[in-house]
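Each chain is listed here by its residues.
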Amino acid sequence: MTRTASTASPPAPAAEPGRTGKQPSRQRARGGTSWRHQPLRRVTPWLFLLAPLALLVTFTYVPVGNMLYYSFTDWDGVSPERNFVGTENYTELFTRPELFRVFAVSLYYLAASFVQVAIALYFATILSFDLRFRNLFKGILFFPYLINGVAIGFVFLYFFQDGGTLDSVLSWFGVGTDHAWLGSPESANTSLAGVSVWRFTGLNFVLFLGAIQSIPGELYEAAQLDGASRWQQFRHIIAPSIRPVLSLSVILAISGSLSVFEIPYIMTGGATGTSTFVIQTVKFAFQFNKTGLASACAVVLLAIILLITWIQRRLVPDEKVDLV
């Protein structure tokens, strides 16, 4: 009598936890439902954004809306009555060419802004390499930006006055000191633009330096092994990497040159042909009690800045730079 071999296969071992083909999600293991189905977790990010959004709306969008509303009224800034006048303020603004002539003053500051961008980019590139006392020079370049604009205006007011600091320094080199630096429109606007270069170069310097220092060091090492010079490293490594920051600096330079206020207002009060569009707007509102017209000026200035920014972004779009 022969024995027949059993053909039944042994029972499969029980699956160990964590080794199954399809693992349960962490959310399902904890709560039994995905986080997308939990209302509290979906609302949590908006709870964190609630405070900054409230501040943004309260102190940015609401004032802009009020300014837009005031531009269609004849409000004097004091009276509770605000009569709606339609587009009368804009008609007066665009039919008086002298109100737009002050934009010629912005050309001085626009030229100065490109000078300060070039200086900041140069020093940011130089100080990004290993140099002695580079931290000291970083502090020296950034220090003017930390000073209050009103204080800077008073300091340079004495600097450019007749027989002041500048005349005393020039007299050491035998240069005549009979020139009134703030006496003519050309010299006054040039002097004020030079003050803006001294003040805002540090801001652009910090932006460029931070962008340059974020570049991986392996790229510089590879470039040095290939025999690349400093100029070649700047052209092929630094310049493409900081293109977004450079674009931002250009936008800030253009918008800043159109909305200059502190330095010319403190030093000259807009006299001697140094009045800017913002100084003119402030005079409309607080000197001539034409808040409606001043609001229209502010709206036009905002529209010009947004238009220039849009054109600049279209001509020089941001491109993703991937050097590694």
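Our structure's up above, just so we're on the same page.
Chemist: Explain the overall build of the chain to me, please; I cannot follow it from the model alone.
Modeler: Broken down by element type, the chain carries 14 helices and zero strands. In sequence order, the chain lays out its α and β elements as α-α-α-α-α-α-α-α-α-α-α-α-α-α. When the 324 residues of the chain are sorted by exposure, 32% land in the buried category. Accessible surface, the chain: about 21100 Å² in total, of which carbon and sulfur atoms supply 64%.

Chemist: Mind showing me how you'd approach the pattern of salt bridges here?
Modeler: Opposite charge on two side chains permits pairing when their charged atoms draw close. Taken as a whole and assessed by the stated rule, the structure comprises three salt bridges. Of the charged contacts in the structure, one is a salt bridge between Arg-96 and Glu-92, with a shortest N-O distance of 2.9 Å. Note on Glu-92: relative accessible area 25%, which makes it partly exposed. One continuous salt-bridge network, built from bridges that share partners, spans Glu-92, Arg-96 and Glu-98.

Chemist: Would you take a moment to explain the environment of Ile-126 for this structure?
Modeler: Topologically, Ile-126 is positioned in helix α4 (residues 103–127). Judged by its relative accessible area of 32%, Ile-126 is partly exposed. As a C-alpha pair, Ile-126 and Arg-230 span 104 residues in sequence and 9.4 Å in three-dimensional space.

Chemist: Where do I start with the packing of helix α13 (residues 277–286) against helix α14 (residues 291–315) in this structure?
Modeler: Each packed pair of helices is defined by two parameters, the angle between the axes and the distance between the axes. Interaxial distance between α13 and α14 falls to 7 Å at its minimum, and their mutual angle equals 160°. By the angle between their directions, the pair α13 and α14 is classed as roughly antiparallel. Like other packed secondary-structure pairs, α13 and α14 cross with a definite hand, here left-handed. Across from Phe-277, Val-278, Thr-281, Phe-284 and Ala-285 in α13, the residues of α14 making contact are Thr-291, Leu-293, Ala-294, Cys-297, Ala-298 and Leu-301. Looking at the contact of α13 with α14 residue by residue, the class counts come to nine nonpolar, two polar and no charged.

Chemist: Can you help me understand unusual backbone geometry in this one?
Modeler: In most cases, non-glycine residues show a negative phi, while peptide bonds are predominantly trans. In this structure, Phe-133 takes a positive phi of about 60° despite not being glycine. On the basis of relative accessibility, which here comes to 53%, the residue Phe-133 falls in the exposed class. Backbone geometry at Thr-272 places phi at a positive 55°, although glycine is not the residue there. The residue Thr-272 is located in the loop between α12 (262–267) and α13 in this model. Given the relative accessible area of 30%, Thr-272 is considered partly exposed.

Calculation rules
- Residues numbered from 1 in each chain as written.
- Predicted model: local features only at pLDDT ≥ 70, side-chain atom pairs only at ≥ 80, totals over all residues.
- Heavy atoms only, no water.
- Helix = DSSP H or I, 4+ residues; strand = E, 2+ residues; numbered from the N terminus.
- Buried < 20%, exposed > 50% of the residue type's maximum accessible area, 1.4 Å probe, protein only.
- Areas by Shrake-Rupley, 256 points an atom, 1.4 Å probe, with all protein chains shown as cover.
- Salt bridge = Lys/Arg side-chain N within 4 Å of Asp/Glu carboxyl O.
- Axes fitted to C-alpha atoms, helices over the stretch in contact; angles between N-to-C directions.
- Parallel < 35°, antiparallel > 145°, perpendicular 65-115°, else oblique.
- Left-handed = near helix turned anticlockwise from the far one by under 90°.
- Contact = heavy atoms within 4.5 Å.
- Nonpolar A, V, L, I, M, F, W, Y, C, P; charged D, E, K, R; others polar.

Keep in mind these values describe shape, not function.
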